[in-house]
Structure formats: structure tokens, C-alpha cells
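Analysis of the macromolecular model
Chain by chain, the residues:
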Amino acid sequence: MTDTTSNKMWGGRFAAGPDAIMEAINASISFDQRMAAQDIAGSRAHAAMLAAQNIITDSDADAIGKGLLTVLSEIEGGTFQFSAALEDIHMNVEARLKEVIGEPAGRLHTGRSRNDQVATDFKLWVRDQFDAAETGLLALIQALLGQAEAGADWVMPGFTHLQTAQPVTWGHHMMAYVEMFGRDLSRMRDARARMNECPLGAAALAGTSFPINRDMTAHALGFDRPSANSLDAVSDRDFALDFLGAASICAMHLSRFAEELVIWSSAQFRFVSLSDRFSTGSSIMPQKKNPDAAELIRAKIGRIMGANVALMMVMKGLPLAYSKDMQEDKEQVFDAADNLMLALAAMEGMVKDMSANRDSLAAAAGSGFSTATDLADWLVRVLGLPFRDAHHITGSLVALAEKQGCDLPDLTLEQMKTAHDGITNDVFDVLGVENSVNSRMSYGGTAPEQVRAQVTRWKGLIG
């Protein structure tokens, strides 16, 4: 049976419509309907430009503009009937527009192609995701700053290899994630600025002979300028890859933080308590409070990074300009964007609600010979020993403390002197964790004064 509607959209070149299998593989309306608002915004800008350039009449442009708003209201109201036979959002909108306003709808597509139309729609949609990611990152950074400011002088263990290394402060640890998510914010902003060129008017691939004004449509849609090469404009999906790349790195940072929250909230650590809003119970073990939100955030990197790889594989072998392969560009980006925004919101909620257990943090900070480096530094600074010698002496004292079943500050002066006779009672001043963190006054160090300075700096950066 011939699909006459689809035939009309394709023009007179084809004698028969697609069969069901071809229709199924060719149609994208099931997912690209998410770009309806962007498609209609682009079409309204295009129609206004065509009228300004005397390519269509003002009355036709007015009818098109009003008709498109009617179509948009139907879509937003849930009454619009999408058709797979019409393939995509562009044809669905145009077909409905013709039903609403009649013959003027046929003039809307003058001077453009679906190739530059979809590139424009997709850019507008991705640009919105950059803006949403920026909003989510700023909220998360604000939440982290709140934690850092409250716990600027709360001592906790710093780890390497997940082994106790040196004492740090809770605020310093929170500010490490501020730096990470700050870089994510920078990447989102950089990529948004780079992609903000308008493809509309590139037409199928070579531009158009109509006297269009690409600057007008670019500025109407909030772009900085029109794209400079029509071939590149319709075949470029770097903006989507930029988003997925930035999203993948951000998701990796979220996953690292989520991993720490899973560890810290365990009964073995008890560093933090997550609120009930972001935890679940067990169906069989009544004592359990599971950090499920953190675990799910930790898993999101798989989906988001997978989308990045998938789109890279779609694009890697395509000659210029447009190929139908590029229809496979959207579902991955839609899914990655949804999951990134959800993960950012969930992490912000957890950070705002979580409570750090100051006593557990302090107890852990003083264990595991966390001030051994401070002892080695004291031997260098006060006794003038070469650092390698100081390192060896400190190691022998750690071994002695292990044998005695105590920590370094619990050794007596006489026991200390067995490792080096020059050690004096002053050494105990550097072995307390509070003294240790207060001494780390180098720029970017863990001293509370430095942490508060970084909090102030970031508050100024993000306004």
C-alpha cells in the first residue's frame, strides 16, 4: 500500500512509499520530538527572515509564525498526534502547520534543508543542556562551599592508596571537589561558547541562491554568528561530542565523590551520615541504611561515557556532508543529558543534607601514624638532617610504635631517642593532628586559614 503522505514529503522522485521495515528504521520521531520547541523557534526565525528579505510576503510569514505557535501549544498540551510515517519532528510540524494555515505553510522551507534545520535544532537543544549543566554545577559547588566553610578546621585523615597518609581538614577535602567541579563548569562554558554558531542557511550542503540574511536568523536564535562553511555546518556534531566529553569527565568526578560517600557512610568508617531522603532500607535486614543514591550516581558514568563512545563511532567514518548515520546522534545525547542532570541534582541534595561525624573524623585522623611526615619534616627542619635520613629514622619509630601497639605521639621521649639522640621534647608539638594541619600554610594547603581563603575566593568567582 502506497504511503501518499510520505511521498508528498519526499517529492515526486519516488513512485512508492517505504514499507514497514524501512519506515521503522528511517523514522526518528519517537525521540527527536524532544526538539519540538527548538524546531519551532528555528522555523519562526527563518520565516521572519524570509519576509524581511522579501522572499515571502509579510502575510505568509505572519500566518506561519502564528500557526507554528498553535502547533507548539498542541505539542506542549499533549494533544499533538505524532506520525512515524512523517519520519521526524520537522515533517510532523510542517504537515500539521499546513493543516492549520493551508498553502502558506509550503513556503516555510524556502532557502533551507532538513540538513541545516536539524543541525540548528540539535545545537539549540544541546546549548540548553550546557546551560542546565552550568546551573546544576553552580548549585553543587555552593553546597560544597557550605560544607567546607562549616568544617574548615575539622581534622580528618587524608588518604593515598586508601591508606592513612597525613591529616587534612574536612573543609580541604570538600574544596578538592569544588576545584574538580569548577573545571567541569569551565569546560561546559568553553564548549558552549565554541558551539554558538548558527547552521541555519547552510541548506543541504552548499548554501542557497535565495538572498537570505544568515546574521538575522543567527542573532534571533541567540547565536553569536552564522557558521562560516556550509559543508561543515550540516555535517558537524562536534558540539554534541563536546557536551558528551565534558559530561563524561563531570560524571567521572561525581562517581569518585559518590564512591567516597559510599565508603564514608559505612559502619566501618562512620565519617558521614546521609539523610533519609537519599538512602534506602533493606527488604530483609532492618538495620541497613543503604547509600543507593550515591551508588546510582557512581554508575551513571557508564551510560554517559558509553554515549560519548557511541557517537564518536557514528561520526568517525562519515564523508562530508550529511549522511543518514547522523540520525543516530540524538538518543545517546538525550540519555546522557538526562542522566547527568539527575546525577548533579542528586549529588547536590546529598551534599546539602549530609552530616559529617566530627568525632569519627578526628579519631581517624589521629590513627595510622598520620603525622609521620610531620616527624620527618621536624628532623630536617630542627636537627638539620638530610630528608632521606629523617625518612629512615621516622620509619624506625613507626615500626617501634607498631610493636608497642601505640601511635607516634604515644611514644616516650626516651623511646624516640633510641632512633636519634638529638630528638627533644619539642617534637611532640608537631605530632598532634591539629598542629599538623595548622602548619600546612602553603598556598592551597589544608590549614584552616587556607581553606577559608579558598572558600572566599570561590564565592567571589561564582557570585
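None of the values given here were measured: they were computed from a predicted structure. (Residues numbered from 1 in each chain as written. Predicted model: local features only at pLDDT ≥ 70, side-chain atom pairs only at ≥ 80, totals over all residues. Heavy atoms only, no water.)

On to the confidence of the model for the protein chain, then. The share of residues in the protein chain with pLDDT of 70 or more is 94%, and the mean pLDDT across the chain is 91. A low-confidence stretch, residues 1-6 stays under pLDDT 50, and its non-local contacts, those more than four residues away or across chains, total 11 contacts. (pLDDT = per-residue confidence, 0-100. Contact = heavy atoms within 4.5 Å.)

Below, the discussion takes up the pattern of salt bridges. Summed over all chains, the structure comprises 25 salt bridges. Among the ionic pairs, Asp153 bridges to Arg452, the shortest N-O distance being 3.7 Å. Here Asp153, found in the loop between α7 (114-150) and β1 (155-160), pairs with Arg452, found in helix α20 (residues 448-462); they are 299 residues apart in sequence, far enough to count as distant. On the accessibility criterion, Arg452 (41% relative accessible area) is partly exposed. Here the residues in one salt-bridge network are Glu87, Asp88, Arg114 and Lys324, joined through shared partners. (Salt bridge = Lys/Arg side-chain N within 4 Å of Asp/Glu carboxyl O. Helix = DSSP H or I, 4+ residues; strand = E, 2+ residues; numbered from the N terminus. Buried < 20%, exposed > 50% of the residue type's maximum accessible area, 1.4 Å probe, protein only.)

What follows covers the packing of helix α8 (residues 170-195) against α20. Where α8 meets α20, the closest approach of the two axes is 10 Å, and the angle between their N-to-C directions is 30°. As the angle between them shows, α8 and α20 are arranged roughly parallel. Remark: the crossing between α8 and α20 carries left-handed chirality. Of α20, the residues touching α8 (which contributes Gly171, His172, Met175, Val178, Glu179 and Gly182) are Val451, Gln454, Val455, Arg457 and Trp458. Of the residues contributing to the contact of α8 with α20, the split by class is 5 nonpolar, 4 polar and 2 charged. (Axes fitted to C-alpha atoms, helices over the stretch in contact; angles between N-to-C directions. Parallel < 35°, antiparallel > 145°, perpendicular 65-115°, else oblique. Left-handed = near helix turned anticlockwise from the far one by under 90°. Nonpolar A, V, L, I, M, F, W, Y, C, P; charged D, E, K, R; others polar.)

There is a patch of nonpolar side chains on the surface, built from Met305, Val309, Met312 and Met313 and spanning about 350 Å² of accessible area. Along the chain, Met305 falls in helix α12 (residues 292-315). By relative accessible area, which is 37% here, Met305 ends up partly exposed. (Patch = residues over 30% accessible without salt bridge, like charges linked within 9 Å, V, L, I, M, F, W, Y side chains within 5 Å. Areas by Shrake-Rupley, 256 points an atom, 1.4 Å probe, with all protein chains shown as cover.)

In this sheet, strand β2 (residues 163-169) lies alongside β1 in antiparallel orientation, the contact comprising 6 bridges. In the sheet register, Pro157 faces β2, and the bridge partner there is Pro167. The turn joining β1 and β2, which pair antiparallel and follow one another in sequence, is formed by 2 residues; a positive phi near 55° is taken by His161. (Pairing = 2+ DSSP bridges.)

A few words now on the layout of surface pockets. To find the voids left in a structure, one rolls a probe of water-molecule size over its atoms. In this structure, the largest pocket occupies an estimated 470 Å³ of space. In this structure, the largest pocket is lined by 21 residues; those nearest its centre are Gly158, Phe159, Thr160, His173 and Glu260. Taken together, the elements giving at least two residues each to the lining of the largest pocket come down to β1, β2, α8 and α11 (238-264). Looking at side-chain class alone, the lining of the largest pocket contains 11 nonpolar, 6 polar and 4 charged residues. (1 Å grid on protein atoms, 1.4 Å probe; cavity = no way out; pocket = protein on both sides within 12 Å on 5 of 7 lines; lining within 4 Å. Points joined across faces, edges and corners; volume = space filled by probe spheres on them.)

For the rest of this paragraph, the subject is the packing of aromatic side chains. Applying the stated rule across the entire model yields 11 aromatic pairs. When the centroid spacing of 6.4 Å and the interplanar angle of 55° are considered together, the rings of Phe159 and Phe269 count as tilted. Of the two residues, Phe159 sits in strand β1 while Phe269 sits in the loop between α11 and β5 (272-273), which places them 110 residues apart along the sequence. Centroid distance Trp264 to Phe271: 6.3 Å. Interplanar angle 45°. Geometry classified as tilted. Accessibility assignment for this pair places Trp264 and Phe271 in one class, buried. (Phe/Tyr/Trp six-rings, centres within 6.5 Å; stacked < 30°, edge-to-face > 60°.)

This next bit is on the environment of Ile55. Tracing the backbone shows Ile55 in the loop between α4 (36-52) and α5 (58-77). Taking the C-alpha atoms as reference points, Ile55 and Gly111, separated by 56 residues in sequence, lie 9.0 Å from one another. Residues within four places of Ile55 in sequence aside, it is in contact with Leu50, Thr110, Phe210, Pro211 and Ile212.

This part is about the nonpolar core. Grouped together as the largest cluster of nonpolar side chains are 79 residues, with contacts concentrated most on Trp170, Phe243, Leu254, Phe257, Trp264, Leu340 and Met347. Of all the secondary structure elements, the ones that give two or more residues to this core are α7, α8, α11, α12, α13 (330-353), α14 (358-365) and α20. For this core, the element with the highest residue contribution is α11, accounting for 16 residues. What Met347 contacts, discounting residues up to four positions off in sequence, is Leu140, Leu254, Phe257, Ala258, Leu261 and Ile297. Grouped together as the second largest cluster of nonpolar side chains are 21 residues, Ala36, Met49, Ala61 and Ile75 included. (Core = buried A, V, L, I, M, F, W, Y, C linked by side-chain atoms within 4.5 Å.)

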